[in-house]
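Chain residues, written in single-letter form:
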Amino acid sequence: MSSTAAPTPLRAPFACDPQHSRGRAYAEEGSGERSAFQRDRDRIVHSTAFRRLQYKTQVFVFHEGDHYRTRLTHSLEVAQIARSIARALGLDEDLAEALALAHDVGHTCFGHSGEEALNEVMRPYGGFDHNDQTFRALTLLERRYIAFNGLNLTWETLEGVVKHNGPLTNPPPTIKAFQSVCDLKLETYASAEAQVAALADDIAYNNHDIDDGLRAGLFTPHDLLSLPVVGPVFDELLRAHPGAEPVRLTHEAVRRLINIMVTDLVTETRARIAALKPTSADAVRALGQPLVAFSPAMQAADKALRPFMFDRMYRHYRVNRMIAKARRVVQDMFHLFMEMPQTLPPEWQRQITEPGSPAAARVIADYIAGMTDRYALEEHRRLFDLTAKT
């Protein structure tokens, strides 16, 4: 059997180099054969926060079906896409993968509806943001090492996490506090690897939400035909394979769409590299604009897809019912714990020194945000169902 694998490109001069990392907040010795970014990736994979993503919602609650995406499967898919793009561009694949795996570890139970519910009740205490919560998990909440809290990740990984959506002009509380310990240069763009991970996230959730929406029967392939990029792919497959099984047709369409988006991203980014000629990772940060990007046509296609998905999937009545339940579960627990912190598990009670304070609210938000969908439902039942065992 002949091999058609493309040769691995040389490392780009503007790629992040693990041998020249800016280091960690707590100094540590090297790790033998693993680079600093490989070590970050491994710490993320072995973290409790990452493991919990298995039972955290992407769109559908875990018990609605075994084949819908969870935050864990989404993160793995983002990592695969990010690694492929990083390789094509000569970037550090391990850093891109670490950032892709880490980007959702701060998500609450019940997806964005859980985040919105927690942000609403936390508004008097500084609000709640899942990117800030990801940073809290990575720098504070993971309690695995004797010498420090958090995972003690490299500067480059932490920078990529906080700049997942670009430079920060008004950083949330935890990131702002960390700045006094370690300046993450919040005003600049992130590394090319971080930009790749962020757009790999877009590629993954757009295409896999289409897949999940079709599986759930929220819309049909014919409903997608008027959309740019997406429509022509489904139209071609429906014409060429009119009797194809829906699952096979959907899989083939999603596979082609991911390839189209990845190819567009790599082509546009190579054009930007040729025009902007960055000579180092710091030069990428100083460009004042993204180096990694989709073409204008693909950006327009993405913009056209979003209202369709919002109307037909994210606010479908079945999803709205889940949102209503999620809000009630999250907010019921928050209000009870604020009123009676002694109902928290002992290890969380001990962290509250001033009941009713913003600090107490943050501890309670940490507890609820860390819950899986399944644990949140069970905890709510234990707290509010008089017939349930406590």
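Residues numbered from 1 in each chain as written. Predicted model: local features only at pLDDT ≥ 70, side-chain atom pairs only at ≥ 80, totals over all residues. Heavy atoms only, no water.

K.L.:
Whenever I open this one, the packing of aromatic side chains confuses me. Can you help?
P.N.:
Here the distance between the centres and the angle between the planes together describe a pair of aromatic rings. Going through the model one piece at a time under the given rule, you end up with eight aromatic pairs. Considering the side-chain rings of Tyr26 and Phe148, the 5.5 Å spacing of their centres and the 20° angle between planes classify their relative orientation as stacked. On the criterion of sequence distance, the pair formed by Tyr26 in the segment before α1 (36-45) and Phe148 in the loop between α6 (130-141) and α7 (155-162) is long-range, its members being 122 residues apart. We classify Tyr26 as partly exposed; its relative accessible area is 44%. The interplanar angle of 80° and the centroid separation of 6.5 Å between the aromatic rings of Tyr367 and Tyr375 together place this pair among those described as edge-to-face. (Phe/Tyr/Trp six-rings, centres within 6.5 Å; stacked < 30°, edge-to-face > 60°. Helix = DSSP H or I, 4+ residues; strand = E, 2+ residues; numbered from the N terminus. Buried < 20%, exposed > 50% of the residue type's maximum accessible area, 1.4 Å probe, protein only.)

K.L.:
What exactly am I supposed to notice about the layout of surface pockets here?
P.N.:
If a probe as big as a water molecule is rolled over the atoms, it shows which places are left empty. Of the volumes computed, that of the largest pocket is approximately 1100 Å³. Lining the largest pocket we find 47 residues, and of these Asn165, Asp201, Asp202, Tyr205 and Arg306 sit closest to its centre. Only α3 (71-89), α5 (111-122), α6, α9 (192-215), α13 (296-314) and α14 (317-339) provide two or more residues apiece to the lining of the largest pocket. The leading source of residues in the lining of the largest pocket is α9, at nine residues. Taken together, the residues of the lining of the largest pocket sort by class into 19 nonpolar, 16 polar and 12 charged. By volume, the second largest pocket is sized at about 560 Å³. Lining the second largest pocket are 23 residues, with Thr48, Arg52, Leu141, Trp348 and Gly370 positioned closest to its centre. Looking at the lining of the second largest pocket residue by residue, the classes come out as 10 nonpolar, six polar and seven charged. (1 Å grid on protein atoms, 1.4 Å probe; cavity = no way out; pocket = protein on both sides within 12 Å on 5 of 7 lines; lining within 4 Å. Points joined across faces, edges and corners; volume = space filled by probe spheres on them. Nonpolar A, V, L, I, M, F, W, Y, C, P; charged D, E, K, R; others polar.)

K.L.:
Explain the state of the cysteines here, please?
P.N.:
Structurally, a disulfide amounts to a covalent bond that connects the sulfur atoms of two cysteines. A complete count under the given rule lists zero disulfides for this structure. Note on Cys182: no disulfide assigned, nearest cysteine sulfur contributed by Cys16 at a separation of 14 Å. (Disulfide = S-S within 2.5 Å.)

K.L.:
What's the story with the confidence of the model for the protein chain in this structure? I'm lost.
P.N.:
Low-pLDDT portions of the prediction should not be read for the details of their coordinates. Mean pLDDT over the protein chain: 92, with 95% of residues reaching 70 or higher. Note on residues 61-66: pLDDT under 50 across the span, and 10 contacts to partners over four residues away in sequence or across chains. (pLDDT = per-residue confidence, 0-100. Contact = heavy atoms within 4.5 Å.)

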